[in-house]
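# Coordinate analysis (summary)
The chain contents come next:
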Amino acid sequence: MENLANAFVVLANFVLIPGVAYGAQLALGALGVTLIYAVLRFSNFAHGDLMAFGTMATILGTWWLQANGIGIHPLPTALLMLPVGIAAAVALALGTDRVVYRFYRRRKAAPVVFVIVSVGVMFVYNALVRFFIGVEDQRFEDGERFIIRARDFETLTGLDEGLALRSSQVLTVVVALVAVAALFWFLQRTRTGKAMRAFSDNEDLALLSGIDPKRVVMITWVLAATLATLAGVLYGLDKSFRPFNYFQLLLPIFAAAIVGGIGKPVGAVVGGFVVAFSEVGLTYAYRRVLQYVVPEDLMPDGLAQLLSTDYKFAVSFIILVLVLLLRPTGILRGRVI
Amino acid sequence: MSPSVRTPLFFAIMAAALLAVGVFQSWTLALAILNLSLVSAIMALGVNMQWGYAGLFNVGVMGFAALGGVGAVLVSMPPVPGAWAAGSWDLAFAALAVLATIGAALLVTRLVPKGRRTLPIILVLVIGYFAIRYFGDRATEAVEGYEAASLGYLGGLGLPVLLGWVVGALFAAGAAWLIGKVALGLRSDYLAIATLGISEIIIAIIKNEAWLTRGVKNVTGLPRPAPYEIELQQDPGFVDFATGLGLPATTASSLAVALVYTALFSLVLIALLALSERALNSPWGRMMRAIRDNRDAAAAMGKDVTRRHLQIFVIGSAVVGLGGAMLVTLDGQFTPGSYQPLRFTFLIWVMVILGGSGNNMGSVLGAFVIWFVWVQAEPAGLWLMDTITAGMAQGDALRAHLLDSAPHLRLFLMGVILLVVLRFSPRGLLPEKTGGVPRKA
């Protein structure tokens, strides 16, 4: 019995809890991608770099606060600066839409043109982030790092294995829950949210009903930039901030959006967790779990790791390919053309 | 300006810019830019085939270029018999396990009726996975353990590197066929996302499977298709020739080697250009453009759109792979860590869009211009920052930061070039020639 408890604690510590936190981060990112897709109808390749930009603004603000000795101790200072980061990302997204995307929208350009344009935008965001903050790893987490320390857990329960619960992980889940709940309330209950969904379902019909397309597009960018910043800051608090990693997050985020059914907000959340758990679950070395449940003479020699961590992108990709092959509309039947 | 004036004029300007680099900076630099421009031009031609002829958006150029490099390494490097001896049996069994798994999976899809396949296929794949891992892990351990510091990989075939260019192209074509089978025929964004994914995975595999290409330990000293500088410097005939030109033997030898590459690359580029021009102006090329411009109409005329897309996707990727193999040959080393998507995927895209999608000469010109700007933007950015911050104190933190950030200016520049061209001149510097009859201006 105790062995089983130990095995479960190890599993929770290294797979379940990190998986939930990572899943929440991916879900927030995928929600942004899927909203842009639903309303503007293109896959936004600049989304990862928009995340990086919002996070960068938050980090710069956090440093300024830290230098002035302002903080909210048990919680990370970055939380205080989130509104500033969000405002910066929203301003950037709206500015980009005004200068770049609006032109193509008026021309009714093909979706693939939008995708290429978003690649150009990605270059520019990328350069901005690197210009302001550089390419190195930045850590900006402060405040209380742990809610439960592994040592305390061991003394508390008398088990051999400790369970560590980091505050950034709990924070991620709480913030993501609040953000997703607020988003769904907005989309389902408010007039503007309904207008957005109507616009996404049938543009012409929505226009005939007197919905203002400019407003819908603007709200979409505001939401996408907000979600992107939240996802980016939470990911940065949980791991660390490095501009190139944010570009690479694009793949799991796209995978999450497509797996769930692109254009479907609920699908993005489901997809985020599917991708996160597959990635963490397949790249974890299960040796420490197995040692409690498998008799010694049956223990495998190696680490019992299904896939090396270096191949974590392959997991998102394989999920993506399986979905494209078996169910191109995604789990929740999103759009497909 | 008619195309017949525009094309030579722009190429003449480009040549003048390169000559200016030679005169004012150095001839070595001018030749280095020229050689990399030629390689980039070949990659841009490949992307232009996919995007310009057929409208396929491939964001995995980096992966196909890297596969080309793997081809060059595996063909040209000398074999490592010790590593083969250490891991050969396990390696053979691992290969057998891979083949058996694929075969069994195919057999299941043949024999078992649709709807009841999922379980047996999963079973086959799981058993296959453990068999491959069992032999594969033992083989990689043995191979990578063999003189790990200097070798630790299987080596290549020890054949001429030029053959490696063909093999590199074939590797890229194979990967493109696989990915095209899955993602073509769905909406265009999906191909983009799928190619982005496959390129990241290819790089991850190349970095980690050290038994194949030494991974992040890099393969250096690839055999060259050109003579070595040191040989030329020891050749009395060459030294006499260099002194006759008034050059020191060291400079002359490096220039001579660079010129050999230039000649080789130009030959490949001209051959490719001639072939693609012919293809584009043949019934096949017209069909491709018809599919690009209106796939429904083309499908209604009985063209198999997905099949044609797969064909051009494979051909274009093979050309990119060829470029990748040439690049590795030029560098003389294979460094997986140097494959960055911004440099290898998106920069090539800027070349194609700037040059004029659909026009082969345009892609070549775009490659020359963008590579030139890319190389020259770094010192220019530094100079700009230096000028802006000249008034600040020497040790000023902001000044140091701005000077450090100067290299990132060129990313910004590339993004702005792409956006400006797409907006104000979407047909590029050398617009595509449309129709059989030249249009009136």
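Residues numbered from 1 in each chain as written. Chains lettered and ligands numbered in written order. Predicted model: local features only at pLDDT ≥ 70, side-chain atom pairs only at ≥ 80, totals over all residues. Heavy atoms only, no water.

Moving on to the overall build of chain B. Looking only at helices and strands, chain B features 18 helices and two strands. By the compact-globule yardstick of 22 Å for 441 residues, chain B fits well, its C-alpha radius of gyration being 25 Å. Along the longest, intermediate and shortest principal axes, the C-alpha atoms of chain B span 70 × 60 × 55 Å. When each of the 441 residues of chain B is scored for burial, the buried share is 49%. Partitioning the intrachain contacts of chain B with sequence separation of at least 6 by distance along the chain shows that 82% fall at a separation of at least 24. Total accessible area on chain B is roughly 20200 Å²; 70% of this is exposed by carbon and sulfur atoms. (Helix = DSSP H or I, 4+ residues; strand = E, 2+ residues; numbered from the N terminus. Rg over C-alpha atoms; globule rule 2.2 N^0.38 Å. Buried < 20%, exposed > 50% of the residue type's maximum accessible area, 1.4 Å probe, protein only. Contact = heavy atoms within 4.5 Å. Areas by Shrake-Rupley, 256 points an atom, 1.4 Å probe, with all protein chains shown as cover.)

Quick look at the domain arrangement of chain B now. All names here are of chain B. When its domains are assigned, chain B resolves into domain 1 (3–79 + 155–389 + 397–424) and domain 2 (80–154). For domain 1 versus domain 2, the distance between C-alpha centres works out to 33 Å. Between domain 1 and domain 2, roughly 930 Å² of surface is buried when both sides are summed, and carbon and sulfur atoms account for 54% of that area. Summed over the three residues of domain 1 that lose the most area to domain 2, namely G155, W211 and R214, the buried surface amounts to 60% of that side. For the pair domain 1 and domain 2, the number of links is zero salt bridges. (Domains from an automatic or database assignment. Buried area = accessible area lost by both parts, 1.4 Å probe. Salt bridge = Lys/Arg side-chain N within 4 Å of Asp/Glu carboxyl O.)

Attention now moves to the interface of chain B and chain A. The interface is formed by 48 residues belonging to chain B together with 52 residues belonging to chain A. Counting every contact that joins chain B to chain A gives zero salt bridges. Counting the contacts that link chain B with chain A gives five residue pairs in polar contact (both at pLDDT 80 or more). When contributions to the side of chain B that touches chain A are tallied by element, the ones reaching two or more residues are α5 (118–145), α6 (161–183), α7 (188–208), α15 (341–355), α17 (397–405) and α18 (409–424) of chain B. It is α7 of chain B that provides the largest number of residues to the side of chain B that touches chain A, a total of 14 residues. Looking at the side of chain B that touches chain A residue by residue, the classes come out as 34 nonpolar, eight polar and six charged. (Polar contact = N/O pair within 3.5 Å; in protein donor to acceptor, adjacent residues only side chain to side chain. Nonpolar A, V, L, I, M, F, W, Y, C, P; charged D, E, K, R; others polar.)

With 16 residues, α18 of chain B should cover 22 Å at 1.5 Å per step; its first-to-last C-alpha distance of 22 Å lies within 8% of that length. Within the span of α18 of chain B, buried status applies to R410, L411, M414, G415, L418, L419, V421 and L422 of chain B. Looking at the buried residues of α18 of chain B, the elements they touch are α3 (78–107) and α4 (111–133) of chain A together with α15 and α16 (360–388) of chain B. (Expected span 1.5 Å × (residues − 1).)

With that settled, consider the confidence of the model for chain B. The predicted model of chain B averages 86 in pLDDT, with 98% of residues at 70 or higher. Confidence scores differ between elements of chain B, with α17 of chain B showing the lowest mean pLDDT of 78 and helix α14 (residues 305–331) of chain B the highest of 94. (pLDDT = per-residue confidence, 0-100.)

What follows deals with the pattern of salt bridges. A full pass over the atoms with the stated rule returns twelve salt bridges over all chains. With a shortest N-O distance of 3.2 Å, E432 of chain B and R292 of chain B are connected by a salt bridge. Placement of the pair is E432 of chain B in the segment after α18 and R292 of chain B in helix α12 (residues 283–293), with a sequence separation of 140 residues. One salt bridge in this structure joins R410 of chain B and E378 of chain B, with 3.4 Å as the shortest N-O distance. With a gap of 32 residues between them, R410 of chain B in helix α18 and E378 of chain B in helix α16 connect regions that are remote in the sequence. Within the structure, one salt-bridge network assembled from shared partners comprises R139, E141 and R145 of chain A.

For the structure shown, the criterion picks out 29 aromatic pairs over all chains. Arranged with centres 5.2 Å apart and planes meeting at 25 degrees, the rings of F42 of chain A and F114 of chain A form a pair that is stacked. Taken as a pair, F42 of chain A in the loop between α1 (2–40) and α2 (47–67) and F114 of chain A in helix α4 lie far apart in primary sequence, 72 residues in all. Taken as a pair, F42 of chain A and F114 of chain A share a single burial class, namely buried. Aromatic rings pair up to connect F42, Y101, F103, Y104, F114 and W221 of chain A into one cluster. Against the face of F344 of chain B rests R343 of chain B, its NZ or CZ located 4.4 Å from the ring centre. One Lys or Arg, R410 of chain B, reaches over the ring of W374 of chain B and ends 4.0 Å from the middle of that ring. (Phe/Tyr/Trp six-rings, centres within 6.5 Å; stacked < 30°, edge-to-face > 60°. Lys NZ or Arg CZ within 6 Å of the ring centre and 35° of its normal.)

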